[in-house]
Amino acid sequence: MADQRRLTEQRADGATLLIFYVLALLVVPARFTIAFVPITLPPALFVALCLAVVWFAAHLVDHLAMAKGRNAVRTLLAAYVVLHLTTYAIATRRYLPADELSVSDSALVRIVAMAALAVFVCDAVRTGERLGRLLRVMVGCLTFGAFIGLIQFGLGVDLASYVTLPGLRVQDNGYSALESRSIFFRPAGTVNHPIEFGLVCVLGVPFAAHFVFQARDRGEPQGRWWFALSLLSLMAILSLSRTAIIGLVVTGIVLGLLLPRQRGLPLLGVGAVFLGGAAAVVPGLFGTVTSMFSNIEDDPSFQGRTKDYDGAWLEIAKHPWLGRGFGTFLPSKYTILDNQYLLTMIENGYLGLLAFVLLFLGGIFAALRARALSKDENIRGIAVCLVGAMLTSALGAATFDSLSFSVATGLTFLLIGASGALLRIAKQEAAVRTAPVSGSPAS
């Protein structure tokens with residue numbers, strides 16, 4: 001009881017530090033990097049590295065409320081990092097061109113930082129209320145980015161390009177801030193690319209829906225969460241990305257199947273009305289979206305994604321088990337692969353692909369297990385949201401090279417860690433619920 005009281009009375013904790021990470025990831029435009037370091041270091045990645053140091057230091061003592069002990073998600077993250085270190089060691093043992101070696105070094109730093117971030121979430125967020133607080137901030141930041149995207153779509157003005165921040169410089173990522181498809185601008189919000197923008201908007205949709213129901217149950221104002229849900233859903237569609245459209249469908253199916261009927265069915269009905277309203281308000285939108293799927297085999301974009309698959313399998317055959325090295329298959333030097341699973345097989349081999357897939361499966365397992373253990377509707381609702389987010393992110397990885405995009409990667413690892421944290425919270429709740437009452441006779 002003393003430990004639980006300390007967790008609830010302290011003002012700042014792991015969730016507080018993670019809020020700084022979310023702000024750096026989702027509010028600061030993704031094109032910014034820290035100016036005074038020799039490598040490409042976005043602010044969010046710097047915060048993640050700091051959290052890694054904090055996590056390590058906190059585990060050296062027993063009074064900072066850092067969770068200890070086994071957790072399925074943490075175990076899979078450890079295996080993922082070990083495999084990347086092994087691949088890096090083997091790749092750098094042989095000759096690598098200077099450009100590939102440089103990118104491989106920075107890629108290893110990035111992936112270790114992301115795994116450390118997920119572990120920090122898993123161990124440092126100890127209560128359902130603090131996890132909910134973190135996710136509410138995440139939805140708010142995603143909504144801010146979606147609003148920037150709405151201005152880009154409607155007016156063709158990129159507000160993010162007018163932002164300047166001291167100590168940061170703009171890194172040219174080779175993407176246009178305002179691409180176009182059909183007669184529409186494709187928004188990117190504060191992230192790097194419309195596909196990434198559509199995916200991160202979809203990842204926020206189930207959590208916004210959860211907070212709508214939570215506010216209703218608590219008798220709190222629901223307007224801001226309805227606004228967030230509507231804007232995120234709208235911008236996922238207006239990103240004109242197949243990844244986002246498929247993600248919305250997957251999210252709707254998961255929520256419809258796993259939420260209680262009195263929540264899932266009305267939500268699907270609201271979604272159908274919303275889609276009809278969006279098509280009516282934005283003339284030509286419905287035709288543009290359906291054309292992305294109706295003649296997909298003749299679509300130059302789709303053909304460009306698949307024409308390099310044969311060459312990819314030839315690369316995989318050269319280093320089948322551990323790959324050629326993470327980050328060494330440079331798109332500027334070889335080709336762009338819009339499939340993270342194929343790219344993972346090239347750079348990390350079949351074992352790397354297995355470890356990558358297990359991260360998603362582990363996150364889904366942890367969320368479903370937490371849902372089964374908990375009697376708290378808030379915990380159960382968050383679990384359903386995490387299942388939808390993990391499935392969406394896993395499917396998104398098949399449609400673009402997701403680990404090459406900092407915001408999509410950072411958000412995915414944040415939610416993987418949240419699944420581990422939720423499992424810890426649900427187990428703690430179940431242990432308290434089943435513990436014998438003090439003073440009662442032993443059974």
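It should be noted that the structure appears before, not after, this text.
Report follows, based on the coordinates. Treat the numbers as computed from the prediction; the structure is a model and nothing was measured.

### Quick look at the pattern of salt bridges
The full count for this structure, using the stated rule, is 15 salt bridges. R218 is paired through a salt bridge with E129; the nearest N and O atoms lie 3.7 Å apart. In this pair, R218 sits in helix α7 (residues 194-218) while E129 sits in helix α6 (residues 128-155), placing the two residues 89 residues apart along the sequence. Overall, R218 belongs to the partly exposed group, its relative accessible area being 42%. Across the pair D217 and R263 runs a salt bridge, and its minimum N-O distance is 2.1 Å. Placement of D217 in helix α7 and of R263 in helix α10 (residues 261-281) is noted, with a sequence separation of 46 residues between them. Three or more residues joined by partner-sharing salt bridges are found here, namely D99, E100, E315, K318, R324 and K333.

### Describing α6
For an α-helix the count is 3.6 residues per turn, leaving residues at separations of three or four pointing the same way. In this model α6 runs 40 Å from its N-terminal to its C-terminal C-alpha over 28 residues, within 8% of the 40 Å that 1.5 Å per residue would give. The first or second residue beyond α6 is G156, which carries a positive phi of 70°.

### Overview of the packing of helix α15 (residues 377-396) against helix α16 (residues 406-434)
At a minimum axis distance of 10 Å, the contact between α15 and α16 shows a crossing angle of 150°. Taken together, the axes of α15 and α16 are roughly antiparallel relative to one another. When you trace α15 past α16, the crossing you get is left-handed. Side by side, α15 and α16 meet where I379, I382, A383, L386, A389, M390 and S393 of the first sit next to T412, L415, I416, A418, S419, L422, I425 and E429 of the second. Counted by class, the contact of α15 with α16 contains eleven nonpolar, three polar and one charged residues.

### Quick look at the packing of aromatic side chains
In the structure shown here, the tally under the stated rule is seven aromatic pairs. A centroid spacing of 5.0 Å and a plane angle of 10° characterise the contact between F329 and Y334, whose relative ring orientation is stacked. Ring centres of Y341 and F356 lie 5.7 Å apart, and the angle between their planes is 55°; on these two criteria the pair is classed as tilted. One aromatic cluster in this structure is built from Y341, F356 and F360.

### What about helix α8 (residues 223-238)?
With 16 residues, α8 ought to run about 22 Å at 1.5 Å a step, and its terminal C-alpha atoms sit 22 Å apart, in line with that. Taken together, the buried positions of α8 are W225, A228, L229, L231, L232, S233, L234, M235, A236, I237 and L238. Looking at the residues trailing α8, positive phi occurs at L240, about 55°.

### Things to note about the nonpolar core
Counting 129 residues, the largest nonpolar core has Y21, M138, F207 and L414 as its most contacted members. The contact partners of L414, leaving out residues within four places of it in the chain, are L18, Y21, V22, L117, V121, L134 and M138.

### What about a nonpolar patch on the surface?
There is a patch of nonpolar side chains on the surface, built from W313, W321, Y350, L351, L354, L358 and L361 and spanning about 700 Å² of accessible area. The biggest single contributor to the nonpolar patch is helix α14 (residues 340-373), with five residues. Looking at where Y350 falls in the secondary structure, it is placed in helix α14. Look at Y350 and you get partly exposed, because its relative accessible area is 35%.

Cut-offs and rules
- Residues numbered from 1 in each chain as written.
- Predicted model: local features only at pLDDT ≥ 70, side-chain atom pairs only at ≥ 80, totals over all residues.
- Heavy atoms only, no water.
- Salt bridge = Lys/Arg side-chain N within 4 Å of Asp/Glu carboxyl O.
- Helix = DSSP H or I, 4+ residues; strand = E, 2+ residues; numbered from the N terminus.
- Buried < 20%, exposed > 50% of the residue type's maximum accessible area, 1.4 Å probe, protein only.
- Expected span 1.5 Å × (residues − 1).
- Axes fitted to C-alpha atoms, helices over the stretch in contact; angles between N-to-C directions.
- Parallel < 35°, antiparallel > 145°, perpendicular 65-115°, else oblique.
- Left-handed = near helix turned anticlockwise from the far one by under 90°.
- Contact = heavy atoms within 4.5 Å.
- Nonpolar A, V, L, I, M, F, W, Y, C, P; charged D, E, K, R; others polar.
- Phe/Tyr/Trp six-rings, centres within 6.5 Å; stacked < 30°, edge-to-face > 60°.
- Core = buried A, V, L, I, M, F, W, Y, C linked by side-chain atoms within 4.5 Å.
- Patch = residues over 30% accessible without salt bridge, like charges linked within 9 Å, V, L, I, M, F, W, Y side chains within 5 Å.
- Areas by Shrake-Rupley, 256 points an atom, 1.4 Å probe, with all protein chains shown as cover.

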